Amino acid sequence: MLDNRHFIARRASRYFKVGDVVNLGIGIPSLCSQYTEKGIMFQTENGLIGVGDAATDVMVTDRACNASSQPFVPMPGASVFDTAYSFAIIRSGRMAATVLGGLQVSAKGDLANWATPGRRFGMGGAMDLCNGAKKVIVAMELLAKDGSKKIVNECSLPLTALGCVNHIVTEQCVIDVTPEGLVLMELRRGKTPEEIQAQVEPKLLISATLAEMEE
């Protein structure tokens, strides 16, 4: 049975299709590559399209690391380029999707994912990815470690980008961001819409096709 982090990553990876070029952020998002079929190309901001399996033993090199600083083996046919070119690709709108972690997501799809009171990690490329990728998927646990709500009416933490989020994948549910509001699309087995609503601030709409998340 998968732990929550891997459960979230596996579900988030279902948004990809063969031929997509996808960027994976730090933490839970970086696990998505373990659950995708061949033919999906993963990009790293430091300049490579074609991230392969995790490197071990003699294959480990500091020349090929992902956003989480984990070494990997480039896929056959991988393309290597400098950081400037990498961000040109991101900003050009050619990225099919990006999966990012989240500290807060607002009712309008605003994302805050880079700073908390007393802790600032640097926004990095998330700002560019949120505005350049065709689809923004936030992969995060539904509640913060202290039990506070992460899906809120308005973000109180420093913003990464406004109105950028398309899908929110958590260990308890999947929520889509739509012009009409946040729509509950999928539920973890044993959970109810009322239980999810109690853990988020905005009023949730319930999809007419509400489904159960795959275990």
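The rules behind the values
Residues numbered from 1 in each chain as written. Predicted model: local features only at pLDDT ≥ 70, side-chain atom pairs only at ≥ 80, totals over all residues. Heavy atoms only, no water. Salt bridge = Lys/Arg side-chain N within 4 Å of Asp/Glu carboxyl O. Helix = DSSP H or I, 4+ residues; strand = E, 2+ residues; numbered from the N terminus. Buried < 20%, exposed > 50% of the residue type's maximum accessible area, 1.4 Å probe, protein only. Polar contact = N/O pair within 3.5 Å; in protein donor to acceptor, adjacent residues only side chain to side chain. Contact = heavy atoms within 4.5 Å. Core = buried A, V, L, I, M, F, W, Y, C linked by side-chain atoms within 4.5 Å.

### Quick look at the pattern of salt bridges
Then step 1. Inspection of every chain in the model, using the stated rule, returns five salt bridges.
Then step 2. For Arg91, the salt bridge goes to Asp128, with nearest N and O atoms at 2.6 Å. With a gap of 37 residues between them, Arg91 in helix α2 (residues 83-91) and Asp128 in helix α3 (residues 126-132) connect regions that are remote in the sequence.
Then step 3. Taking relative accessible area as the criterion, Asp128 reaches 12% and is therefore assigned buried.
Then step 4. Across the pair Glu212 and Arg189 runs a salt bridge whose closest N-O atoms are separated by 3.1 Å.

### Observations regarding the side chain of Thr160
Then step 1. Here Thr160 shows up in the loop between β11 (151-152) and β12 (167-169).
Then step 2. Given the relative accessible area of 6%, Thr160 is considered buried.
Then step 3. Side-chain polar atoms of Thr160 contact the side chain of Asn113, separated by 2.6 Å.
Then step 4. Apart from residues lying up to four places away in sequence, Thr160 is in contact with Leu111, Ala112, Asn113, Trp114, Met123, Ala126, Met127 and Cys130.

### What about the nonpolar core?
Then step 1. Membership of the largest hydrophobic core comes to 32 residues, with the highest contact counts inside it found for Leu111, Ile151, Val165, Ile168 and Ile175.
Then step 2. Broken down by secondary-structure element, the contributors of at least two residues to this core are α2, α3, β10 (136-139), β13 (173-178) and β14 (181-187).
Then step 3. For Ile168, the contacting residues outside a window of four places in its chain are Val105, Val138, Met140, Ile151, Cys173, Val174, Ile175 and Val177.
Then step 4. The next biggest cluster of nonpolar side chains, apart from the first, holds 24 residues, and it includes Ile8, Ala9, Leu48 and Val174.

### Describing the environment of Phe7
Then step 1. As for its placement among the helices and strands, Phe7 is situated in helix α1 (residues 4-12).
Then step 2. Phe7 gets classed as buried once you look at its relative accessible area, which sits at 2%.
Then step 3. The spatial distance from the C-alpha of Phe7 to the C-alpha of Thr170 is 8.5 Å, given a sequence separation of 163 residues.
Then step 4. In this structure, Phe7 is in contact with Leu2, Thr170, Glu171, Arg188, Met213, Glu214 and Glu215, ignoring residues within four places of it in sequence.

### Structural notes on α1
Then step 1. Three or more residues of α1 are buried, namely Phe7, Ile8, Ala9, Arg11 and Ala12.
Then step 2. Residues of α1 that are buried sit in contact with β5 (97-100), β10, β12, β13 and β14.
Then step 3. The N-terminus of α1 is capped by Asp3, whose side-chain oxygen sits 3.2 Å from the backbone nitrogen of Arg5.

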